[in-house]
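An overview of the molecular structure
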There are 2 protein chains.
Amino acid sequence: MDSEQLREYGHRMVDFIADYYKTIESFPVLSQVQPGYLHNLLPDTAPDHPETVEQVLDDVKTKILPGVTHWQSPNFFAYYPSNSSVAGFLGEMLSAGLGIVGFSWVTSPAATELEMIVLDWLAKLLNLPEQFLSKGNGGGVIQGSASEAVLVVMIAARDKVLRSIGKNALGKLVVYSSDQTHSALQKACQIAGIHQENCRVLEADSSTNYALRPELLQEAVSRDLEAGLIPFFLCGNVGTTSSTAVDPLAALGKIAKRNEMWFHVDAAYAGSACICPEYRQYIDGVETADSFNMNAHKWFLTNFDCSLLWVKDQYALTEALSANPEFLKNKASQANLVFDYKDWQIPLGRRFRSLKIWMVLRLYGAETLKNYIRNHIKLAKVFEQLVSQDPDFEVITPRIFALVCFRMVPVDNDEKKCNGRNLELLEAVNSSGKLFISHTALSGRIVLRCAIGAPLTEEKHVKETWKVIQEKASYLLRK
Amino acid sequence: MDSEQLREYGHRMVDFIADYYKTIESFPVLSQVQPGYLHNLLPDTAPDHPETVEQVLDDVKTKILPGVTHWQSPNFFAYYPSNSSVAGFLGEMLSAGLGIVGFSWVTSPAATELEMIVLDWLAKLLNLPEQFLSKGNGGGVIQGSASEAVLVVMIAARDKVLRSIGKNALGKLVVYSSDQTHSALQKACQIAGIHQENCRVLEADSSTNYALRPELLQEAVSRDLEAGLIPFFLCGNVGTTSSTAVDPLAALGKIAKRNEMWFHVDAAYAGSACICPEYRQYIDGVETADSFNMNAHKWFLTNFDCSLLWVKDQYALTEALSANPEFLKNKASQANLVFDYKDWQIPLGRRFRSLKIWMVLRLYGAETLKNYIRNHIKLAKVFEQLVSQDPDFEVITPRIFALVCFRMVPVDNDEKKCNGRNLELLEAVNSSGKLFISHTALSGRIVLRCAIGAPLTEEKHVKETWKVIQEKASYLLRK
C-alpha cells in the first residue's frame, strides 16, 4: 500500500471508468456471451509473478466487459434499477480507501454515528413515525439487501415469540404475505426454519391491482388461530417486484397489531419515491409497522449495496443477534453508551457504507433527489402512453411509479400462445443488445416489465426502446 | 452520472485518499472521540440543496476522520488485520464503477465466471482437494464474512438432515466446536434455530495449545447419540481468533465422517498463510472437510469484504437457499448451464467482488503474496522475542502465525490483580493513540494480543510499539 502507487494507479482507474461511462451506449446492454466463455480466456492458475496494470486493464476491456450486463446503461430497463452516481461512487472510494471494519462503535465511531445520523435524516425525509428514529428504542441500520433486512426482523420476531411460548413451538409459527411478495420472504422463512406449510401466500389479483386484501388476511389468521397455530409475522409491500402493487398498510397493520404479529413493510423499490410529498401517501399506515425497508441502492443514486432498515424496537434485533465474546469487549459497549451494529445484522464485519448515502444526500440535496424520481416517473408515463396507443399491445396494470407492465395482446383469445409470443418478444429485444427488459407472471399471464430508473436514461432512450420493441413485435406478428 | 464530473471528482478523491495514506501515521490509531461526538457536529436533517465536494471533503477531514479508527495504520495490531492494498482498492473502484448486481449468471456472466475461476485459482494455491473445485459437484463462492459462510453451510447441513428425518427433529440436532471457536458459530446457531442446549462448546486448554481434543469430541458425540440426539455439524478451526489455535483436522474429520456430520473448517485468518508450502501442514486433513473458509480480506491484501468459501457439495447449498420466482427466470439458469450464486448465499443481490481478488493475484502474483505473509510472521517473531526477554512479561501461547499472545506476569501469584493490570495496560497503550492492540481471555486469564498484519507495518513499528507497551507497563508497576 504505497500512497504514490495508489495515486498513480487510482488516477488511471478513474479515467478508465470515466471512459467507460462515456462509451456505455456502445455495448450490448445484456451481455451476449455463452456460458463458460471466460474459462477459455483466462489461465487455469494464478500467476506466480506480478503483471502490470496495463495487462489487467486490457483484459478488463477485452475479456471482462463482453461478459458484463450494463446495469448503468440508459437502456437498462430490467428488474429494478441499481443506481450508481458520482456521489455514490465517491463514497465507495472513500470507504474502500479508509478500509475500516465497523462492527462495534469503537472500531470506528464515525461509521456507527454517521449511519445513525443519516438514517435519521432519511426517516425524516420519508416522514416516518418518531419511533423509528435512533433517539428512543428504535433506529435505522444499513443492511446489504432487502433479503437480509427481512431475515433479521423475522429472526427478531421469531425469537421474541419463542422466548415467551418456548422454542419447541417453532412449528406453530405462521407467516403471512401476498403472493406478490418478493422471494426474499420465502428464503427468510427457509433460513429461519419456519415450516413451509405455515407460510401463507395469499392470492392477490387484478381486482385490487395485486394488493393484498385485508379480509383475506383476516380469514387466514382466524383459521390458523382456530387450528392452534400462532400468527407471528406479516410482510406488507409498497411496490412489489412484479408490478409495484401497494398493499393497504393501515388495514393490514391493524390486523397485525390485534394479533400481536410483527409487521414488516417492504418498500425496497418504491420507498425512494415516498420522499416526494405527492407519493408519501403510498406508505400511509407505516405507523402501524414494526419495521420498514427501502433500498437506497435501487432508485436513490446510492451504489449497491445499501439497504435501509428501520425498526421500532432495536432490542428485539439485538436480543436475537447479539454475541459478545471477550475479544470484542470494550468500555463503550459494556457501558451501553453506543450502538454496536454487529448486533443488528447477520455478519460481524461491516463496511463504512453510510459514507455513500451521506455523500448522495449532501452532493445532490433532497430537492434534486425528488426531481430525479419525478423525472423517471414522467418518462414511465411517456412509455405507458406509447404502449397504450398501439393496438397490438396493452398495459397490464395501472402504472403507479416508474415501472410499466405490458404485453402483446392475445390473438383469438389464445392466452397460451400469447404467453409464448411475449417470451419470444423478450428474447428478441434483449438479444438485439439495444435494451434490456425483463418479465414476470401476473395471474398466469406473462408480462413484460419496463422499469425506468437508470440515472442516464432520457426521453430519447425510452422512445428508441419502444421503437425496437415495436419492430420486433411486428416481425413476430408477420411470422 | 456525468462521465466528466466522475473524472474530475474521482481524481480529487484519489488524491484525498493517497494523501490520507501519506499521513496515516499522524492520526491516533484508535479513535479518541466520545460516544455521540458526531451528533453535535452535523445538522439534524439532510440538506435540501446540493453542497460542494470541497465542503464534504472538509467535513471528512474535520468531522469524520477524528472518529475513524485507522485499521490501515502500520501501528494497528488489534483483532486481526483487514488488509487493503492498491490492487484491492482498484478492484473496489472498478466494481463500484461498473455498478452491476450479479445475482444470476445472466445479470453479468463475467461476475459469476470470474468468481468461479479465481476461487479455483485460490483452491489450487491452497492445495485443496479436487472436490472443492468448480468442475465437479463442488466449488467456491465469495461471501461477505466468515459469519455468513458458517451460517450458509449450517443451513445446508441442517436442511440436508431434516429432509431425511423430518423437520420436527430440529430440536435434536447438535453442533460441536471448541470453546475457542469464533462467536460467529454461536450466532449461526441462533439464526438457524439450533437449540442452545444442543450447542456443545468443548473446553480447550493450554495442554493442547487451545486445540480441540478429538477424544473430547468423541465422548460428547457418543453421549448425545445415547441420549437420542443427532450430531450434525462440527466446526473445526485453523487459527482461532483468541490465539491462532489449530484443531487437528484429520482426527476431527474422521469422527465427523463416522457420524455423518457436516465438517466445516474455519480458517478465516490463518488460511492465507497456507499458500506457503511451509504452512500448508496446518490445513492437513482438510480433505475430510465438507466446507472450508478463508477471509481474503484479513491477510491477503484484498479489501473488506471478501470471504472465500469452498464446498464439496454445492447442491446442499442450493437446495437450502434457492428461490426461483418467475421474474428471475432465464434460459441459462433454467437449462442448468450456469452457477447462480444467489442460491449459495443469504442475500439475492451481489457485487462484483471477484474483481478485487483477481487484481490482487495478478498485480502481485502468488510468490509476492507468500513473501508478504512470511514477512509478517518474521515481524511477529521479533515481537515475540522482545516480550520474552522482559521479565515483567510472558508469551502466553506458542506463536504459530503472526499473532503474539502475551501479558504482564502476575505479582505474588495474584491472578485477579494481574487480569486487572493487563486491562489497565491495554487502556493505557490504546489511549496513547500510538498503537492499537486488543485482548482476549484464555482459561480465565486476560491476555493481550498483538496481531501483526497491516500492509504498512515494518520492523520499526513493531519495535516502537513494544517500547510504548514497556513504558506504560513500568509506569503501572511503579504506581
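This one's a predicted model, so the numbers in the text were calculated from it and none came from an experiment.

This part is about the overall build of chain A. Regarding its fold elements, chain A presents 14 helices and 11 strands. A compact globule built from 479 residues would reach a C-alpha radius of gyration of about 23 Å, and chain A, at 24 Å, matches this within 12%. Going through the 479 residues of chain A one by one, you find that 68% of them count as buried. A fraction of 76% describes how many contacts in chain A between residues 6 or more apart in sequence connect residues 24 or more apart. About 16,000 Å² of surface is accessible on chain A, with carbon and sulfur atoms providing 49% of the total.

In the structure shown here, the tally under the stated rule is 48 aromatic pairs over all chains. Look at Tyr282(A) and Phe401(A): their rings are 5.1 Å apart centre to centre, the planes differ by 70°, and that puts the pair in the edge-to-face class. Placement of the pair is Tyr282(A) in the loop between strand E5 (262–266) and strand E6 (291–295) and Phe401(A) in the loop between strand E8 (393–395) and strand E9 (403–408), with a sequence separation of 119 residues. Owing to a relative accessible area of 0%, Phe401(A) belongs among the buried residues under this scheme. Ring centres of Phe393(B) and Trp466(B) lie 4.9 Å apart, and the angle between their planes is 70°; on these two criteria the pair is classed as edge-to-face. Of this pair, Phe393(B) sits in strand E8 (residues 393–395) while Trp466(B) sits in helix H14 (residues 459–478); the two residues are 73 residues apart in sequence, bridging distant segments of the chain. Trp466(B) carries the same exposure label as Phe393(B), and that label is buried. Grouping aromatic residues by their ring pairs yields a cluster made of Tyr80(A), Tyr269(A), Tyr279(A), Tyr282(A), Trp299(A) and Phe401(A). Cation over ring: Arg449(A) sits above Tyr80(A), and NZ or CZ is 4.9 Å from the ring centre.

Here chain B sits on chain A after a turn of 180° about the axis and a move of 0.0 Å along it, with an RMSD of 0.0 Å. Considering both components of the superposition, the chain copies are consistent with a two-fold axis. Both copies share a contact surface, since 100% of the interface residues of chain B are interface residues in chain A too.

What follows deals with the sheet that holds strand E1 (residues 139–143) of chain B. Pairing between the strands of a sheet is mediated by backbone hydrogen bonds and can be parallel or antiparallel. All names here are of chain B. Taken together, the 7 strands give an open sheet; going across it, the order is E1-E7-E6-E5-E4-E2-E3, and neighbouring strands pair in mixed fashion. Among the strands making up the open sheet, the edge pair consists of E1 and strand E3 (199–202). Going across the sheet, the axis of each strand differs from the next one's by a mean of 20°, ignoring polarity. As defined by bridge partners, strand E4 (residues 230–237) adjoins strand E5 (residues 262–266) across 5 bridges and the pair is classed as parallel. Residue pairing in the sheet places asparagine 237 in a bridge with aspartate 266 of E5. Seen against the sheet, helix H4 (residues 109–125) touches E1, strand E6 (291–295) and strand E7 (307–311) and runs at an angle of roughly 80° to E7.

Another aspect to go through is the domain arrangement of chain A. As far as domains go, chain A holds domain 1 (3–70), domain 2 (100–351) and domain 3 (361–478). Between domain 1 of chain A and domain 2 of chain A, the C-alpha centre-to-centre distance is 37 Å.

Attention now goes to the pattern of salt bridges. The final tally for this structure, using the stated rule, is 68 salt bridges over all chains. Here Lys331(B) and Glu427(A) are joined by a salt bridge, their closest N and O atoms 3.5 Å apart. In this pair, Lys331(B) sits in helix H11 (residues 331–334) while Glu427(A) sits in helix H13 (residues 415–431), so the two residues belong to two different chains. A relative accessible area of 60% means that Lys331(B) is categorised as exposed. Ionic pairing is found between Arg407(B) and Glu415(B), a salt bridge with its closest N-O pair at 2.9 Å. On the basis of relative accessible area, Arg407(B) is assigned to the buried category, the value being 2%. Among the residues examined, Glu415(B) registers a relative accessible area of 33% and is labelled partly exposed. If you follow the salt bridges from partner to partner, you end up with Glu92(A), Asp305(A), Arg351(A), Arg353(A), Lys356(A), Glu92(B), Asp305(B), Arg351(B), Arg353(B) and Lys356(B) in one network.

What follows deals with the packing of helix H4 (residues 109–125) of chain A against helix H12 (residues 354–388) of chain A. Residues and elements named next belong to chain A. Contact geometry of H4 with H12 gives a least axis separation of 9 Å together with a crossing angle of 45°. Viewed along their axes, H4 and H12 adopt a mutual orientation that is oblique. In this structure, H4 meets H12 at a crossing whose hand is left-handed. For the pair formed by H4 and H12, the contact residues are Ala111, Leu114, Glu115, Val118, Trp121, Leu122 and Leu125 on the first element and Ser354, Leu355, Ile357, Trp358, Leu361, Arg362 and Ala366 on the second.

Residues and elements named next belong to chain B. Judged by pairing direction, the sheet is antiparallel, and its 4 strands sit side by side in the order E8-E9-E11-E10 without closing on themselves. The open sheet has two edge strands with one neighbour each: E8 and strand E10 (438–442). The mean angle between the axes of side-by-side strands here comes to 40°, regardless of whether they run parallel or antiparallel. Direction of pairing for E8 relative to strand E9 (residues 403–408): antiparallel, over a ladder of 3 bridges. Note on E9: the bridge partner recorded for valine 395 is phenylalanine 406. Its contacts with the sheet place helix H13 (residues 415–431) against E8, E9, E10 and strand E11 (445–451), and it is angled at close to 30° to E11. Lying over the sheet, H14 contacts E8 and E9, oriented at roughly 20° with respect to E9.

All right, on to the environment of Asp224(A) then. Residues and elements named next belong to chain A. On the secondary structure map, aspartate 224 appears in helix H7 (residues 214–226). In this structure aspartate 224 comes out as buried when scored by relative accessible area, which is 5%. Through-space distance from the C-alpha of aspartate 224 to that of alanine 289 is 21 Å; in sequence the pair is 65 residues apart. Here tyrosine 176 takes part through its side chain, which lies 2.6 Å from a polar atom of the side chain of aspartate 224. There is a polar contact of 2.9 Å between the side chain of aspartate 224 and the side chain of arginine 200.

Our next topic: the interface of chain B and chain A. At the interface, 144 residues of chain B touch 145 residues of chain A. Summed over both partners, the interface of chain B with chain A comes to about 12,600 Å²; 67% of that surface belongs to carbon and sulfur atoms. When the buried surface of chain B facing chain A is broken down by residue, Met1(B), Phe327(B) and Arg362(B) rank first, second and third, together holding 7% of it. Scanning the region where chain B abuts chain A turns up 61 residue pairs in polar contact (both at pLDDT 80 or more). When grouped by side-chain class, the residues that make up the side of chain B that touches chain A number 74 nonpolar, 41 polar and 29 charged.

Calculation criteria
Residues numbered from 1 in each chain as written. Chains lettered and ligands numbered in written order. Predicted model: local features only at pLDDT ≥ 70, side-chain atom pairs only at ≥ 80, totals over all residues. Heavy atoms only, no water. Helix = DSSP H or I, 4+ residues; strand = E, 2+ residues; numbered from the N terminus. Rg over C-alpha atoms; globule rule 2.2 N^0.38 Å. Buried < 20%, exposed > 50% of the residue type's maximum accessible area, 1.4 Å probe, protein only. Contact = heavy atoms within 4.5 Å. Areas by Shrake-Rupley, 256 points an atom, 1.4 Å probe, with all protein chains shown as cover. Phe/Tyr/Trp six-rings, centres within 6.5 Å; stacked < 30°, edge-to-face > 60°. Lys NZ or Arg CZ within 6 Å of the ring centre and 35° of its normal. Least-squares fit on C-alpha atoms with pLDDT ≥ 70 in both. Pairing = 2+ DSSP bridges. Axes fitted to C-alpha atoms, helices over the stretch in contact; angles between N-to-C directions. Domains from an automatic or database assignment. Salt bridge = Lys/Arg side-chain N within 4 Å of Asp/Glu carboxyl O. Parallel < 35°, antiparallel > 145°, perpendicular 65-115°, else oblique. Left-handed = near helix turned anticlockwise from the far one by under 90°. Polar contact = N/O pair within 3.5 Å; in protein donor to acceptor, adjacent residues only side chain to side chain. Buried area = accessible area lost by both parts, 1.4 Å probe. Nonpolar A, V, L, I, M, F, W, Y, C, P; charged D, E, K, R; others polar.

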